[in-house]
Structures are given as C-alpha cells and as structure tokens.
Amino acid sequence: FLSEFIKTLSIMVDCASAYPSHAVSALARDLFELAWSFHDANSVEVRRSVLLAMATCMQMMPMDVLASNCRMWLPFLKESSMRDSDEECRKLSTIMMGSFADMSRH
C-alpha cells in the first residue's frame, strides 16, 4: 500500500507541475521529505517509489533547497547506485545523481 500511495502522490505532483507556482514547489518539497523518510525501507517496491518521488520532486524544487540538503541524500543515492539489491533502484539512483549534477552546473 505504501509504495502505491507514494507513487500516486508523485503522479499528482508531476501533473501539478504543468501549472508552476509556489504551491507546487511546496508540494514537491513535502513529498520529497515524506519519501525520504522511507528511503531505507526493506521493501524493494517502497524503495523504488521513494526514488521515483525524489526524482519527480527534484525537477520542481529550487536548486538552493536541493543543494542545502544534498549532504543528506546524495550519499544514499551513491550507495544505492552501487549496492542496492534491486537493479531498478540502482539505475534510478544513478540517473538521479546525474540529473543533480546537471542541475547544479546550470
């Protein structure tokens, strides 16, 4: 249930991104924080949904907010990209690290 709930919230935030506003940015931040609280779940489905939510939200959050918190979640992405038992989680983590690197250069 939790993984489906997080995925559903990710879809809602993604759809809302078509109408950029401070409210959408706040929703993205809140979902990012909610998802992060489950980043170390035992369930592969939950970890996948967490990474999906984080990836969705990263695109809508101000760079300064992402940068100020990256010391918390960047090590997790690096570890996940190399050692997660699930190939999809490893791929998502690798893609997210690349996206963050691209975003931080601009």
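> Honestly, the packing of helix H1 (residues 2–16) against helix H3 (residues 44–58) in this entry has me stumped. Any pointers?
What describes two packed helices is the angle between their axes and the distance between those same axes. Direction vectors running N to C along H1 and H3 enclose 15 degrees, while the axes themselves pass 8 Å from each other. The orientation of H1 relative to H3 falls into the category roughly parallel. The way H1 lies across H3 gives a crossing that is left-handed. Here Leu2, Ser3, Ile6, Lys7, Ser10 and Asp14 of H1 lie close against H3, whose contacting residues are Glu45, Val46, Ser49, Val50, Leu52, Ala53 and Thr56. When the residues that make up the contact of H1 with H3 are grouped by side-chain class, the tally is 6 nonpolar, 4 polar and 3 charged.

> I tried to follow the environment of Arg48 on my own but got confused; where do I start?
Mapped onto the elements of the fold, Arg48 is located in helix H3. As for Arg48 and Leu92, which are separated by 44 residues in sequence, their C-alpha atoms are 8.0 Å apart. When near neighbours in sequence (up to four residues on either side) are disregarded, Arg48 contacts Asp86, Glu88, Cys89 and Leu92.

> Just to check I follow, could you spell out the confidence of the model for the chain for this structure?
Fine structural detail should not be taken from predicted coordinates in areas where pLDDT scores are low. In this model, the chain carries a mean pLDDT of 91, and residues with pLDDT of at least 70 account for 99%. For the chain, the element scoring lowest by mean pLDDT is helix H4 (residues 63–83), at 87; H1 scores highest, at 96.

> Can you help me understand the environment of Phe5 in this one?
Note on placement: Phe5 falls in helix H1. Distance from Phe5 to Val46, taken between C-alpha atoms, is 9.6 Å for residues 41 residues apart in sequence.

> Just checking my understanding: could you explain the packing of aromatic side chains for this structure?
How two aromatic rings sit relative to each other is set out by the distance from centre to centre and by the angle between their planes. Under the defined criterion, the tally for this structure stands at 4 aromatic pairs. With centroids separated by 5.1 Å and ring planes inclined at 80 degrees, the aromatic side chains of Trp73 and Phe100 adopt a geometry described as edge-to-face. With Trp73 in helix H4 and Phe100 in helix H5 (residues 87–105), the pair connects residues that are 27 residues apart, well separated along the chain. For the pair formed by Trp73 and Phe100, the shared burial category is buried. An aromatic cluster of three or more residues is present, and its members are Phe32, Trp73 and Phe100.

> Would you mind showing me how to read the pattern of salt bridges here?
Side chains carrying opposite charge are able to pair once their charged atoms draw close together. Under the criterion given, the structure shown has 5 salt bridges. Across the salt bridge formed by Glu4 and Lys7, the nearest N and O atoms sit 3.2 Å from each other. Of this pair, Glu4 and Lys7 both sit in helix H1, separated by 3 residues, roughly a single helical turn. On the basis of relative accessibility, which here comes to 44%, the residue Glu4 falls in the partly exposed class. Residue classification places Lys7 among the partly exposed residues on the basis of a relative accessible area of 30%. Note that Asp84 and Arg47 form a salt bridge whose closest N and O atoms lie 2.8 Å from each other. Placement of Asp84 in the loop between H4 and H5 and of Arg47 in helix H3 is noted, with a sequence separation of 37 residues between them. Here Asp84 and Arg47 have matching classes, each one buried.

Here is what the cut-offs are and how they apply
Just so you know, the residues in each chain are numbered from 1, in the order the chain's sequence is written. With pLDDT at 70 or above as the cut-off, local features in this predicted model cover only qualifying residues; side-chain atom pairs require 80 or more to be listed or tallied, and sums for whole chains, interfaces and linings still use all residues. Derived side-chain values reflect all non-hydrogen atoms in the structure, with water molecules and hydrogen atoms excluded from consideration. The axes are straight lines fitted to the C-alpha atoms, using for helices just the contacting stretch, and the angles between their N-to-C directions are given from 0 to 180°. A helix here means a DSSP run of H or I that spans at least four residues, while a strand means a run of E at least two residues long, and both kinds are numbered starting from the N terminus. Oblique is the label for any angle not under 35 degrees, not over 145, and not in the 65 to 115 range, which are roughly parallel, roughly antiparallel and roughly perpendicular in turn. By the definition used in this description, the sense in which the near helix is turned from the far one sets the handedness, with an anticlockwise turn below a right angle giving left-handed and a clockwise turn giving right-handed. Contact between two residues is taken to exist if any of their heavy atoms lie within 4.5 Å; hydrogens are not considered. Charged means Asp, Glu, Lys or Arg here, nonpolar means Ala, Val, Leu, Ile, Met, Phe, Trp, Tyr, Cys or Pro, and polar covers whatever is left, Gly included. The predictor attaches a confidence to each residue, and that confidence, scored 0 to 100, is pLDDT. Pairing of aromatic rings covers Phe, Tyr and Trp, the last through its six-membered ring, and needs centres within 6.5 Å; plane angles under 30 degrees mean stacked, over 60 mean edge-to-face, and all others mean tilted. For the exposure calls, accessible area comes from a 1.4 Å probe over protein chains only, and a residue counts as buried if that area is under 20% of its type's maximum, exposed if over 50%, partly exposed in between. In what follows, salt bridge is the name for a side-chain nitrogen of Lys or Arg lying within 4 Å of a carboxyl oxygen of Asp or Glu.

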